[in-house]
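Now for the letters of each chain:
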Amino acid sequence: MATAGPRSFSAAEVRARCAQGACLVSCRRRLYDLSGFVRLHPGGEQLLRRRAGTDVSAALDGPPHRHSENARRWLEQYYVGDIEPGDEQSLSETVDEKEVSAAAQTPEHTDLCYRTVPVERDLVDWQKPLLWQVGYLGEKYDEWVHQPVDRPIRLFHSDFLEFLSKTAWYVVFMVWTPVVLYLSWVSYTSLAQGNTRLFSSFTTEYSIPVHKYYFPFIFLLGMVLWSLLEYLIHRFVFHMKPPASNYYLITLHFLLHGQHHKSPFDSSRLVFPPVPASLVIGFFYGVLRLLLPEVLGLCVFVGGLCGYVIYDMMHYYLHYGSPKKGTYLYGLKAYHVKHHFEHQKSGFGISTRFWDYPFRTLIPEETFKKED
């Protein structure tokens, strides 16, 4: 049975759909429906809204930003048809700002359907759980996992395990914020008793008392240590390159982080589920108990735990938020998206770029040659 070819759209139909709230753009006669992607775009929703109904071929090449091969591949997921011959020149280059604002407030009702991934040509069967398939990709795994798709992932056959592997962003806040507040109170009141001394296990004569007024500074130290730990885990654990011949290490990598790079906008997999997180958090608490006096270790721990909660909230926002252009979070969102789509071997800082500087993994700024 023959399959139908791509549908043709007139320039008038494209403009009409954009006026109704859709975000359609063209690139060399190919038409794409970005209506479901506008809020996720690292450049901001308004930037794409201004491009609605226009040809974005030049914009993809920059300046100010040259889109990567992954970004162009990502665009193909939203292909819906072609512009009718002769109509591509009639698509306006600019859109009225009032139309942009009205479209942003208008509910997007469109009957256009786009493919989320070419399932029939992919290396895995998306109709089955992926976790037990990726280990067989071998040498193809690293390239495959760094070609992102806009599609939810199922990891396990078991519905129970699948449930434990997914988490809404607010669950992390609801679970760990009360813990941070309670342990902060316990830490402060314990220090207020005046029994905590540094180096007391080695000497009593030269031990240093730790007053309750030091708690904010110890708390901040814990947050700083977390930011370093965040960087080190992201770089050396999450971005390890598993041997192509090792099925189990490939599977472990996909479980820990590969799934996030394959589907970076799967909203249920952007934060750490509380059940496995509690095991990791408990491990680090035990390490601090061994290295520091009990109360002092708790003070550092609670600061680190707060840093973790902030990190997870920021990570979700960097994927789904729309920060205002020119703000710190706007730059951080663009930086993190570059890590996903183009610079997977650099840009490991998420809540801050600070540690990318001393470790020389900062994503370089783009430069464009001036035309003669």
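Residues numbered from 1 in each chain as written. Predicted model: local features only at pLDDT ≥ 70, side-chain atom pairs only at ≥ 80, totals over all residues. Heavy atoms only, no water.

A. Broad picture of the sheet that holds strand 4 (residues 79–83). Strand order in the open sheet formed by four strands is 1-4-3-2, and the pairing between neighbours is mixed. In the strand order of this sheet, the two ends are held by strand 1 (7–9) and strand 2 (24–27), each with one partner. Strand-to-strand twist of the sheet, defined as the mean angle between neighbouring strand axes without regard to direction, takes the value 40 degrees. Bridge analysis of strand 3 (residues 30–33) against strand 4 gives three bridges, and the strand direction is antiparallel. Following the sheet pairing, leucine 31 is matched in strand 4 by glycine 81. Contacting strand 1, strand 2, strand 3 and strand 4, helix 1 (residues 11–19) runs over the sheet at an angle of about 80 degrees to strand 1. (Pairing = 2+ DSSP bridges. Helix = DSSP H or I, 4+ residues; strand = E, 2+ residues; numbered from the N terminus. Axes fitted to C-alpha atoms, helices over the stretch in contact; angles between N-to-C directions. Contact = heavy atoms within 4.5 Å.)

B. View of the packing of aromatic side chains. A complete count under the given rule lists 28 aromatic pairs for this structure. Seen in terms of ring centroids, tyrosine 136 and tyrosine 247 are 4.8 Å apart; in terms of plane orientation they differ by 50 degrees. Their pairing is tilted. Pair noted here: tyrosine 136 is in the loop between helix 5 (97–105) and helix 6 (141–145) and tyrosine 247 is in helix 10 (residues 247–262), with a separation of 111 residues, a long-range link. With 6.3 Å between their ring centres and 35 degrees between their planes, tyrosine 182 and tryptophan 185 make a pair best called tilted. With tyrosine 182 and tryptophan 185 both in helix 8 (residues 169–192), this residue pair falls three residues apart, about one helical turn. In terms of burial, tyrosine 182 and tryptophan 185 fall into one category: exposed. (Phe/Tyr/Trp six-rings, centres within 6.5 Å; stacked < 30°, edge-to-face > 60°. Buried < 20%, exposed > 50% of the residue type's maximum accessible area, 1.4 Å probe, protein only.)

C. Focus on the pairing of strand 3. Relative to strand 3, strand 2 is paired through four bridges, and the arrangement is antiparallel. By the bridge assignment for strand 3, valine 25 is matched with tyrosine 32. Counting the residues that bridge the hairpin from strand 2 to strand 3 gives two residues, and of these arginine 28 lies at a positive phi of roughly 55 degrees.

D. Fine view of unusual backbone geometry. A positive phi is found at arginine 29, a non-glycine position, where the angle reads about 80 degrees. For arginine 29, the position within the fold is in the loop between strand 2 and strand 3. Although it is not a glycine, arginine 360 adopts a positive phi angle of roughly 60 degrees. Mapped onto the secondary structure, arginine 360 falls in the segment after helix 13 (328–341). Relative accessible area serves as the criterion here: at 77%, arginine 360 is assigned to the exposed category.

E. Just the packing of helix 9 (residues 215–238) against helix 12 (residues 294–320), in detail. Packing of helix 9 against helix 12 brings their axes to within 7 Å, and their N-to-C directions diverge by 55 degrees. In terms of axis orientation, helix 9 runs oblique to helix 12. Taken as a pair, helix 9 and helix 12 cross one another with a handedness that is right-handed. Each of Phe215, Ile218, Phe219, Gly222, Met223, Leu225, Trp226 and Glu230 in helix 9 lies in contact with helix 12, whose residues at this interface are Leu296, Cys299, Val300, Val302, Gly303, Gly304, Cys306, Gly307, Tyr308, Ile310 and Tyr311. In terms of residue class, the contact of helix 9 with helix 12 is built from 14 nonpolar, four polar and one charged. (Parallel < 35°, antiparallel > 145°, perpendicular 65-115°, else oblique. Left-handed = near helix turned anticlockwise from the far one by under 90°. Nonpolar A, V, L, I, M, F, W, Y, C, P; charged D, E, K, R; others polar.)

F. Quick peek at the environment of glycine 21. Structurally, glycine 21 can be placed in the loop between helix 1 and strand 2. As for glycine 21 and alanine 52, which are separated by 31 residues in sequence, their C-alpha atoms are 9.5 Å apart.

G. Representation of the pattern of salt bridges. For the coordinates displayed, the defined rule picks out 11 salt bridges. Among the salt bridges present, the one from aspartate 125 reaches lysine 128, with a minimum N-O distance of 4.0 Å. Of the residues examined, aspartate 125 reaches a relative accessible area of 28% and is grouped as partly exposed. In this structure, lysine 166 and glutamate 162 form a salt bridge, with 3.9 Å as the shortest nitrogen-oxygen distance. Accessibility expressed as a relative area gives 36% for lysine 166, which makes it partly exposed. On the basis of relative accessible area, glutamate 162 is assigned to the buried category, the value being 5%. Residues participating in the shared-partner salt-bridge network are Glu162, Lys166, Asp266 and Arg269. (Salt bridge = Lys/Arg side-chain N within 4 Å of Asp/Glu carboxyl O.)

H. Layout of the nonpolar core. In this structure, Trp176, Ile281, Phe301, Leu305 and Tyr308 are the most contacted members of the largest nonpolar core, which totals 34 residues. Taken together, the elements giving at least two residues each to this core come down to helix 8, helix 9, helix 11 (274–291) and helix 12. The element best represented in this core is helix 12, accounting for 16 residues. The residues contacting phenylalanine 301, other than those within four sequence positions of it, are Leu183, Ile281, Tyr285 and Leu288. Grouped together as the second largest cluster of nonpolar side chains are 27 residues, Leu31, Phe37, Val38 and Ala52 included. (Core = buried A, V, L, I, M, F, W, Y, C linked by side-chain atoms within 4.5 Å.)

So, to be careful, I would describe these as geometric facts and stop short of saying anything about function.
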